[in-house]
Amino acid sequence: MIKTFKLTKKFGELTAVDALDLEIKEGEIFALLGPNGAGKTTTISMLCGLLEPTNGTATVNEFDVKKQALEVRQSIGIVFQSPSIDDLLTARENLELHGILYGMNKADRTKRIPEVLEIVGLLDRADGQIKTYSGGMRKRAEIARGLMHMPKVLFLDEPTTGLDPQTRTHIWSYIRDLSKKNHITVLLTTHYMEEAEYLADRIGIIDHGKLIALGTPYDLKQSLGANDIIVAKSDKDIAKLTKGLKFVKGIERDGELVKIKVENAGKNLCQLLVKTGELGEIEVRKPTLNDVFIHYTGKDIREDSAEGGIFERSMNSNNR
Ligand SMILES: Nc1ncnc2c1ncn2[C@@H]1O[C@H](COP(=O)(O)OP(=O)(O)OP(=O)(O)O)[C@@H](O)[C@H]1O
Ligand SMILES: [Mg+2]
């Protein structure tokens, strides 16, 4: 449903999106993760026909974003990162306007408006001006607008940023239901790992405009190469102390906290403790998407500095 071919966007000297190759299937929910400035919004803007690629191209619903921008726009719904709904209009009026702009006839609009309002739980507030809505209600109104013309592909750029946990979970279930019941392909960006974990069939991590990891949440966690993580407090040189222990797959340090990636913590913990001496406040847990994210976009890569990031760098290079 979405294919990119060496999709590239440059702003002067800066390459915001760098030869991106991506393929997203019909009905799939795909999450694009990446630090601030990684190129997520720029990618979406090119896929929506709002920005012209510098090089490469992409197709959405089999339409070329460069040559068939109108058909692309008719196939997609978009919820922007920054609010773009008209404050002075009511939700119903915003939807009516959107329907008209998309060439929907009166009968279709009249049928569709209550449907989408129902989906986002705003039917009872449909005639209130958007400026009287809470942040979460606004976001839901924006999602309703994105759905209005029954798009085949929905782009959601940080759909739940700034929302309370309840609203966020509600929105997640709308998005999941929507996509699964109506076969809508969803490309979303988020900084919330639990959002990606809950929603995404597959995840792509980008940094500096390049795709650096791709897979299901399960695959990505597997790619860390360890099935347990021991988090502990220690100021010792754990890398040195655990040298030769084959079940230790990597070490990351964040101040006094040390994250030790291990195979089968249950079986190997005693050996580790004997080798390292005392480790304070031990917690053993399974790898999370957050670990995956830090692993691939770790701060030593971000800041191009060796300080504090030696372990991460060696782990990154092992896994790429
Ligand atoms: N119109 C523009 N002109 C110049 N530079 C731009 C423009 N739009 C984006 N950029 C730059 O391109 C890079 C990628 O920006 P983009 O908005 O795609 O990042 P993002 O991954 O969406 O980040 P965030 O998580 O903060 O939303 C950034 O360095 C940004 O400053
Ligand atoms: Mg963005």
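Just so we're clear, the structure is a prediction, and the values are computed from it rather than from any experiment.

## Digging into the overall build of the protein
Counting its secondary structure elements, the protein contains 13 helices and 14 strands. When its C-alpha atoms are laid out on the principal axes, the protein stretches across 75 × 45 × 30 Å. Put simply, the protein has 320 residues, and 49% of those count as buried. For the protein, long-range pairs separated by at least 24 residues make up 69% of all intrachain contacts whose partners lie at least 6 apart in sequence. As displayed, the protein has an accessible area near 15,300 Å², and 53% of this comes from carbon and sulfur atoms. Distance from the positive charge centre (45 side chains) to the negative charge centre (46 side chains) of the protein: 3 Å.

## Topic: helix 4 (residues 106-119)
If you check helix 4, its first and last C-alpha atoms are 20 Å apart, about what 14 residues at 1.5 Å a residue would give, namely 20 Å. The largest bend along helix 4 measures about 25 degrees and falls at Arg112, with the proline Pro114 one to four residues further on. Next to the buried residues of helix 4 lie helix 3 (91-101) and helix 5 (135-147). For helix 4, the N-terminal capping position is held by Asn105, with its side-chain oxygen 3.2 Å away from the main-chain nitrogen of Ala107. Just beyond helix 4, the residue with positive phi is Gly121, at close to 70 degrees.

## Looking at the sheet that holds strand 12 (residues 248-254)
Taking strand neighbours across the sheet as the criterion, the four strands line up as 12-13-11-14 in an open arrangement whose pairing is antiparallel. At either margin of the open sheet sits one strand with a lone partner, and together these are strand 12 and strand 14 (280-285). Ignoring which end each strand starts from, the neighbouring axes of this sheet average 20 degrees apart. Two elements, strand 12 and strand 13 (residues 257-262), share six bridges in a ladder whose sense is antiparallel. If you follow Asp254 over to strand 13, its bridge partner there is Leu257. Each of strand 11 (228-233), strand 12, strand 13 and strand 14 touches helix 10 (residues 265-276); the most contacted strand, strand 11, lies at about 35 degrees to it.

## Structural notes on the site of ligand 1
In the vicinity of ligand 1, 14 residues are found, and the nearest of them are Gly37, Lys40, Thr41, Thr42 and His191. Between ligand 1 and Lys40 there is a distance of 2.7 Å, counted from an oxygen atom to a side-chain nitrogen or oxygen. Within the side chain of Thr42, an N or O atom sits 2.5 Å from an oxygen atom of ligand 1. A total of 640 Å² of accessible area belongs to ligand 1 in isolation, and the protein chains cover 61% of it. Listing elements by their share of the shell around ligand 1, those giving two or more residues are strand 2 (14-24) and helix 1 (40-47).

## Notes on the packing of helix 3 against helix 4
At a minimum axis distance of 10 Å, the contact between helix 3 and helix 4 shows a crossing angle of 135 degrees. The angle between helix 3 and helix 4 places the two elements in the oblique class. Considering how the two elements wind past one another, helix 3 and helix 4 form a crossing that is right-handed. Along the contact surface, helix 3 presents Ala91, Arg92, Leu95, Glu96, Gly99 and Ile100, while helix 4 presents Lys106, Arg109, Ile113, Val116 and Leu117. Among the residues making up the contact of helix 3 with helix 4, the classes are represented as six nonpolar, one polar and four charged.

## Considering the domain arrangement of the protein
Accessible area lost upon the coming together of the parts is a frequently used measure of interface size. Domain annotation for the protein reports domain 1 (2-220) and domain 2 (225-319). A separation of 36 Å is found between the C-alpha centroids of domain 1 and domain 2. For the pair domain 1 and domain 2, the summed buried area comes to about 1,000 Å², and 71% of that belongs to carbon and sulfur atoms. The largest contributions to the domain 1 side of the interface with domain 2 come from Met193, Ile205 and Leu220, which together make up 41% of the buried area. Taken together, the connections running from domain 1 to domain 2 amount to zero salt bridges. The tally of links between domain 1 and domain 2 comes to zero residue pairs in polar contact (both at pLDDT 80 or more). Counting only elements with at least two residues in the side of domain 1 that touches domain 2, the list comes to helix 7 (193-199), strand 9 (202-207), strand 10 (210-215) and helix 8 (217-222). Here the residues of the side of domain 1 that touches domain 2 sort into ten nonpolar, three polar and two charged.

About the cut-offs
- Residues numbered from 1 in each chain as written.
- Chains lettered and ligands numbered in written order.
- Predicted model: local features only at pLDDT ≥ 70, side-chain atom pairs only at ≥ 80, totals over all residues.
- Heavy atoms only, no water.
- Helix = DSSP H or I, 4+ residues; strand = E, 2+ residues; numbered from the N terminus.
- Buried < 20%, exposed > 50% of the residue type's maximum accessible area, 1.4 Å probe, protein only.
- Contact = heavy atoms within 4.5 Å.
- Areas by Shrake-Rupley, 256 points an atom, 1.4 Å probe, with all protein chains shown as cover.
- Lys, Arg positive; Asp, Glu negative; His and termini not counted.
- Charge placed at Lys NZ, Arg CZ, Asp CG, Glu CD.
- Expected span 1.5 Å × (residues − 1).
- Bend = angle between axes of the 7 residues up to and from the residue.
- Polar contact = N/O pair within 3.5 Å; in protein donor to acceptor, adjacent residues only side chain to side chain.
- Pairing = 2+ DSSP bridges.
- Axes fitted to C-alpha atoms, helices over the stretch in contact; angles between N-to-C directions.
- Near = heavy atom within 4 Å.
- Parallel < 35°, antiparallel > 145°, perpendicular 65-115°, else oblique.
- Left-handed = near helix turned anticlockwise from the far one by under 90°.
- Nonpolar A, V, L, I, M, F, W, Y, C, P; charged D, E, K, R; others polar.
- Domains from an automatic or database assignment.
- Buried area = accessible area lost by both parts, 1.4 Å probe.
- Salt bridge = Lys/Arg side-chain N within 4 Å of Asp/Glu carboxyl O.

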